[in-house]
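Commentary on secondary and tertiary structure
One-letter residues, chain by chain:
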There are 2 protein chains.
Amino acid sequence: MATLLHYPLCAYSRSIRLALDECGIEVAAVEERPWEWRQGFIELNPAGTLPVLVTDEHGVIAGAYAISEYLGETIDATGNRGFHPFPGDAVERAEVRRLVDWFHRKFHDEVTSYLVDEKVFRRFGPNSGSPDTEAMRAGHDNLRYHLAYIGHLAETRSWIGGSALSFADLAAAAHLSTLDYLGEVPWEDYEAAKNWYALLKSRPSFRPLLQDRVAGFIPSGTYADLDF
Amino acid sequence: MATLLHYPLCAYSRSIRLALDECGIEVAAVEERPWEWRQGFIELNPAGTLPVLVTDEHGVIAGAYAISEYLGETIDATGNRGFHPFPGDAVERAEVRRLVDWFHRKFHDEVTSYLVDEKVFRRFGPNSGSPDTEAMRAGHDNLRYHLAYIGHLAETRSWIGGSALSFADLAAAAHLSTLDYLGEVPWEDYEAAKNWYALLKSRPSFRPLLQDRVAGFIPSGTYADLDF
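Residues numbered from 1 in each chain as written. Chains lettered and ligands numbered in written order. Predicted model: local features only at pLDDT ≥ 70, side-chain atom pairs only at ≥ 80, totals over all residues. Heavy atoms only, no water.

**Focus: unusual backbone geometry**
All names here are of chain A. The step from L50 to P51 runs through a cis peptide bond, and the omega angle for that step is -5°. Within the element layout of this structure, P51 appears in the loop between α2 (39-44) and β3 (52-55). Non-glycine residue W37 carries a positive phi angle of around 45°. Residue position: W37 is located in the loop between β2 (27-31) and α2. W37 sits in the partly exposed class, given a relative accessible area of 48%. (Helix = DSSP H or I, 4+ residues; strand = E, 2+ residues; numbered from the N terminus. Buried < 20%, exposed > 50% of the residue type's maximum accessible area, 1.4 Å probe, protein only.)

**Focus on the interface of chain B and chain A**
With 30 residues of chain B in contact, the opposing surface of chain A contributes 30 residues. Summing both partners gives a buried area of about 2400 Å² for chain B against chain A, and 58% of it is carried by carbon and sulfur. For chain B, the biggest contributors to the area lost against chain A are Y65, R97 and R105 of chain B; these three give 28% of the whole. Where chain B packs against chain A, one counts four salt bridges. Of the charged contacts, one joins R97 of chain B and E73 of chain A as a salt bridge, the two residues approaching to 3.1 Å between their closest N and O atoms. At the junction of chain B and chain A, the tally comes to 12 residue pairs in polar contact (both at pLDDT 80 or more). Listing elements by their share of the side of chain B that touches chain A, those giving two or more residues are β4 (59-62), α3 (64-74), α4 (90-124) and α5 (133-156) of chain B. No other element matches α4 of chain B, which puts 14 residues into the side of chain B that touches chain A. Classifying every residue of the side of chain B that touches chain A by side-chain character gives 16 nonpolar, five polar and nine charged. (Contact = heavy atoms within 4.5 Å. Buried area = accessible area lost by both parts, 1.4 Å probe. Salt bridge = Lys/Arg side-chain N within 4 Å of Asp/Glu carboxyl O. Polar contact = N/O pair within 3.5 Å; in protein donor to acceptor, adjacent residues only side chain to side chain. Nonpolar A, V, L, I, M, F, W, Y, C, P; charged D, E, K, R; others polar.)

**Considerations on the sheet that holds β3 of chain A**
Residue and element names in this part refer to chain A. Reading across from one edge, β2-β1-β3-β4 is the order of the four strands in this open sheet, with mixed pairing throughout. Unpaired on one side and paired on the other, β2 and β4 (59-62) mark the two borders of the sheet. Across this sheet, the average inter-strand angle for adjacent strands is 20°, counted without regard to direction. Where β3 and β4 come together, four bridges link them in antiparallel fashion. (Pairing = 2+ DSSP bridges. Axes fitted to C-alpha atoms, helices over the stretch in contact; angles between N-to-C directions.)

**Focus: the nonpolar core**
Ranked by size, the top nonpolar core spans 149 residues in total, and within it L176, L179 and W196 of chain A together with Y7, L176, L179 and W196 of chain B carry the most contacts. Tallying contributions element by element places α4 of chain B first for this core, with 13 residues. What W196 of chain B contacts, discounting residues up to four positions off in sequence, is I150, A154, W159, I160, D169, A172, A173 and L176 of chain B. (Core = buried A, V, L, I, M, F, W, Y, C linked by side-chain atoms within 4.5 Å.)

**What to know about the domain arrangement of chain A**
Residue and element names in this part refer to chain A. Domain boundaries in chain A define domain 1 (2-77) and domain 2 (90-205). On a C-alpha basis, the centres of domain 1 and domain 2 stand 20 Å from each other. Between domain 1 and domain 2, the residue contacts involve 17 residues of the former and 21 residues of the latter. Taken together, the two surfaces of domain 1 and domain 2 that pack against each other cover about 1700 Å², and 69% of this comes from carbon and sulfur. A salt bridge links E22 to R203, with the nearest nitrogen and oxygen atoms 2.8 Å apart. (Domains from an automatic or database assignment.)

**Points about the packing of aromatic side chains**
How two aromatic rings sit relative to each other is given by the distance of their centres and the angle of their planes. Residues and elements named next belong to chain A. Under the criterion given, the structure shown has 23 aromatic pairs over all chains. Ring geometry for Y197 versus F206: centroids 5.8 Å apart, planes at 90°, classification edge-to-face. An aromatic cluster of at least three residues, connected via ring pairs, comprises W187, W196, Y197, F206 and F228. The lysine or arginine in question, K194, covers the ring of F228, its NZ or CZ lying 5.2 Å from the ring centre. (Phe/Tyr/Trp six-rings, centres within 6.5 Å; stacked < 30°, edge-to-face > 60°. Lys NZ or Arg CZ within 6 Å of the ring centre and 35° of its normal.)

**Thoughts on the environment of T178 of chain A**
Residue and element names in this part refer to chain A. Inspection of the secondary structure assignment puts T178 in helix α6 (residues 167-181). Residue class for T178 comes out buried when judged on its relative accessible area of 0%. As a C-alpha pair, T178 and W37 span 141 residues in sequence and 22 Å in three-dimensional space. In contact with T178, not counting residues within four places along its chain, are L9, C10, A11, R14, T112 and V116.

**Structural notes on the relation of the copies chain B and chain A**
For the match of chain B to chain A, the screw axis carries a shift of 0.0 Å, the RMSD comes to 0.0 Å, and the turn is 180°. Considering both components of the superposition, the chain copies are consistent with a two-fold axis. Of every C-alpha in chain B, the one belonging to R105 of chain B sits nearest the axis of rotation, 4.2 Å from it. Interface overlap between copies is the fraction of interface residues in one copy that are interface residues in the other; for chain B against chain A it reaches 100%, indicating a shared surface. (Least-squares fit on C-alpha atoms with pLDDT ≥ 70 in both.)

Here it is as structure tokens:
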């Protein structure tokens, strides 16, 4: 069985945990604290980033980008409930990748880095201290713009990347779920985004994420609630 | 013919200009200034990022990630001098993607964003002002670590991603070339990285980049010199 090194409140790790489960691939999930720069971890991934997949057959696959594309290339879409991380033709897959980039880069830089990294990694990491209130205000403002964009996509398509569930939905939901754990998402003002997220949240692949607990951070009251 | 919206000192744009040329695909390159948030540009790519490829056959492909994978999926590797952005089997491609992520994310965040974005985009962009000297010092320190890593890869492999030229080389060279334009690369201390870059720089695909000029920024004396 493959091993996945991950951290519970790392959105990149979460996107791959969801993708592996949707692909029907069982892995042993092992928590890694990237800020500790553990020697054995850096040997697996010199970038020091999560997630890292250690496969029996193909060795180490490092990072959400490489792992997601590896899954797309190696899974047999007929044998795993029909899920493919990049479904459709070249044009449809390009749209999925545009949105994966949107969430794993733009959303991360404009929201997750301010609201999750500031709160969680700053607390545990080498430069521990209080969250930067100005950064958190920027993160909250930016989140509203992104929730409106997700709602726009969800209202005009079956799933945010197109007609089929894709890695774009999983990447988006992964980031939002870390924010939701911390109670940072104003769902009540963004009904379309909320309805889309409720669909994701009720999938079996989401269950392990809803059971995550990080010492020092109590999840928001509705984090694990499917009827939030 | 397809159109590529790009900016001369944008490393993401440069990586795709190189990849298109290596794939033997001719495009009309049109300069876009992303900080102007031009309406027609945002309609093509709501993220407001470069590059954007407008194809005749497949519409708009937005962002270096989507374009590079699109090229990999649609080119016929036998008809374009044998170049493929992600060559080899699933394991080899995963290694190429790990390194693309290294340069387009880690290197960008740790070096290019400090040394190019601070100098160039800060000058033209909405928050114009002088470069942040502390950020620039961090960029210079980080660059040395990355040059050593490139040298290590170049000494142990034919190309930095493996046995064949790949998009990993192009992404790395794209970032370094923007720094080199500004005279920021201490080549003399990193011979292995320099030798690898000299190989890239002498390829026909690199020629258009060496002719780039940005008003207000004179390229370093050896920028276009193949014997630097």
